[in-house]
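The residues making up each chain are set out below.
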Amino acid sequence: MKVGIIGGGFGTSVQAPIINTHPKMKVTAVSTMKRHRLPEELLNWENPPNHYKYWTEMLETEELDLLFVSSIPIYHFEMVKEALMRGINVVCEKPFTMNSSESKELLILSKCSNAKVLIDFEWRYLPIRQKLKELIVKDSIGKIIHFEYHIFSPQYQNLLTSKRGWMGDKQKFGGMLGALGTHMIDCLRWLVRDEINIINGLLHTHVPEGAGERRDADDAFFIHGKMNNNATFSIQLLSGINHGFGSQLKVFGDKGTITLKNDKELFIGKINGPLKELKFQFKGEIPLQLPKKARAYYPAFYPFLEKAYDYFVFDKRDEDLPVIEDGHQNQIVIDKILDI
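Predicted model, so just to flag it, every value in this text is computed and none were measured.

**Student:** So what exactly am I meant to see when it comes to helix 8 (residues 176-192) here?
**Tutor:** An α-helical turn contains 3.6 residues, so a residue and the one three or four places further along point in the same direction. In this model, helix 8 (17 residues) spans 23 Å end to end at C-alpha, consistent with the 24 Å of a helix rising 1.5 Å per residue. Summarising burial for helix 8: 16 of the 17 residues are buried, a large majority.

Okay, here's the thing in structure tokens:
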């Protein structure tokens, strides 16, 4: 499968090296919109991908089977649309689009195309999260009462001293709601296996100035509401703080509770019993040639790639695979938070 990537950040530093470890995928072309050459790591490959400054030229020139759209969000809509019109399968980064009107148009277009679209919610496939879902599906904690997912990331000093670029620009869908909130909302829908009925949200910028920049994109958000089946939820993130407590995911059921700390420690408690840790260890091997940043994503991203390959080539869809409908539903939720 010939793979093209649009994006010179996450696309080249994480996705490209992991994709090339798949025996039936090969990154043959990369478009970096602002960089004039490929990063050194890709140039050192035995067969480096062709490099393009203009993504449209890449689509016109290359015969691609799959396109990873890993540019900044304001370009996602036109890039996915162009790929679908050319019959090229797509994996799109999140947030999928700028609003649900765009995602709806792409959803309709995809139904008339021979190509398929997936959304890169790869953390569904992190082995420990797969175990968490298995516990829920097997009714280990019964009917879900409440879902809670909070992240505390101490980035205050970094926000003061480092430039954020487009990530600090609300008009370009910068901010933490797009960066991590989309993943957290997808995690809610995926684990609870239900759609959101009522939602309230607050976005805030605790550090509006830093490194000579003025920023209006959120560095904190607070979201809560109710699902169709009456389960409630609370999702929040703080990054403009000096001390962090990592990520804490909790699922409360009428027969017990499951907690996941920092995606590393999994606990379960039954009625009238204490929380007990379920020892869990990643059983796979991470390829030694991968750069450090890519190695951190490998346990989730590689299983995602395997399921994506089966979907694109054999039309075999794994139940956890995040398809275009998931991207559209995610965007509807984001619109409600932003009150679009």
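**Student:** How should I be thinking about the packing of helix 1 (residues 10-19) against helix 9 (residues 292-314) in this particular structure?
**Tutor:** To describe two helices that pack against each other, one gives the angle between their axes and the distance between the axes. Contact geometry of helix 1 with helix 9 gives a least axis separation of 9 Å together with a crossing angle of 55°. The angle between the axes of helix 1 and helix 9 places the two elements in the oblique class. The handedness of the crossing between helix 1 and helix 9 comes out as right-handed. Contacts from Phe 10, Ser 13, Val 14, Gln 15, Pro 17, Ile 18 and Ile 19 in helix 1 reach Lys 293, Ala 294, Tyr 297, Tyr 298, Phe 301, Tyr 302 and Leu 305 in helix 9. Along the lines of polarity and charge, the residues of the contact of helix 1 with helix 9 split into eleven nonpolar, two polar and one charged.

**Student:** Any chance you could explain the environment of Thr 28 here in plain terms?
**Tutor:** Here Thr 28 lies in strand 2 (residues 26-31). Remark: the alpha-carbon pair of Thr 28 and Glu 62, spanning 34 residues in sequence, is separated by 8.3 Å. Beyond its immediate sequence surroundings of up to four residues, Thr 28 is in contact with Lys 2, Val 3, Pro 49, Asn 50, Glu 62 and Leu 64.

**Student:** Just to check I follow, could you spell out helix 10 (residues 324-338) for this structure?
**Tutor:** With 15 residues, helix 10 extends 21 Å between its outermost C-alpha atoms, agreeing within 8% with the 21 Å of an ideal straight helix rising 1.5 Å per residue. Within the sequence span of helix 10, burial applies to Ile 324, Asp 326, Gly 327, His 328, Asn 330, Gln 331, Val 333, Ile 334, Asp 335 and Ile 337. Contact partners of the buried residues in helix 10: helix 5 (100-111), strand 6 (117-119), helix 8, strand 8 (196-204) and strand 11 (220-227). Asp 339 sits one or two positions beyond helix 10 and adopts a positive phi of about 60°.

**Student:** Explain the environment of Ser 153 to me, please; I cannot follow it from the model alone.
**Tutor:** Here Ser 153 lies in the loop between strand 7 (144-152) and helix 7 (156-161). Residue classification places Ser 153 among the partly exposed residues on the basis of a relative accessible area of 22%. With 86 residues separating them along the chain, Ser 153 and Ser 239 place their C-alpha atoms 4.7 Å apart. Ignoring anything within four residues of it in the chain, the contact list for Ser 153 reads Leu 238, Ser 239 and Ile 241.

**Student:** Even after reading the chapter, I still don't get the layout of surface pockets, so can you show me in this structure?
**Tutor:** In this approach a probe as big as a water molecule rolls over the atoms, and the regions it shows empty are the leftover space. Roughly 1,600 Å³ of internal volume is contained in the largest pocket. As for the largest pocket, its lining consists of 47 residues, and the residues nearest its centre are Phe 10, Lys 94, Ala 179, Lys 293 and Tyr 297. Those elements giving two or more residues to the lining of the largest pocket turn out to be helix 6 (127-137), strand 7, helix 8, strand 13 (246-253) and helix 9. It is helix 8 that provides the largest number of residues to the lining of the largest pocket, a total of five residues. Looking at the lining of the largest pocket residue by residue, the classes come out as 24 nonpolar, 13 polar and ten charged. Each pocket or cavity is described by its volume, and for the second largest pocket that value is around 280 Å³. In this structure, the second largest pocket is lined by 14 residues; those nearest its centre are Lys 170, Phe 173, Gly 174, Leu 203 and Leu 338. The residue makeup of the lining of the second largest pocket, split by class, is seven nonpolar, four polar and three charged.

So, how was this worked out
- Residues numbered from 1 in each chain as written.
- Predicted model: local features only at pLDDT ≥ 70, side-chain atom pairs only at ≥ 80, totals over all residues.
- Heavy atoms only, no water.
- Helix = DSSP H or I, 4+ residues; strand = E, 2+ residues; numbered from the N terminus.
- Expected span 1.5 Å × (residues − 1).
- Buried < 20%, exposed > 50% of the residue type's maximum accessible area, 1.4 Å probe, protein only.
- Axes fitted to C-alpha atoms, helices over the stretch in contact; angles between N-to-C directions.
- Parallel < 35°, antiparallel > 145°, perpendicular 65-115°, else oblique.
- Left-handed = near helix turned anticlockwise from the far one by under 90°.
- Contact = heavy atoms within 4.5 Å.
- Nonpolar A, V, L, I, M, F, W, Y, C, P; charged D, E, K, R; others polar.
- 1 Å grid on protein atoms, 1.4 Å probe; cavity = no way out; pocket = protein on both sides within 12 Å on 5 of 7 lines; lining within 4 Å.
- Points joined across faces, edges and corners; volume = space filled by probe spheres on them.

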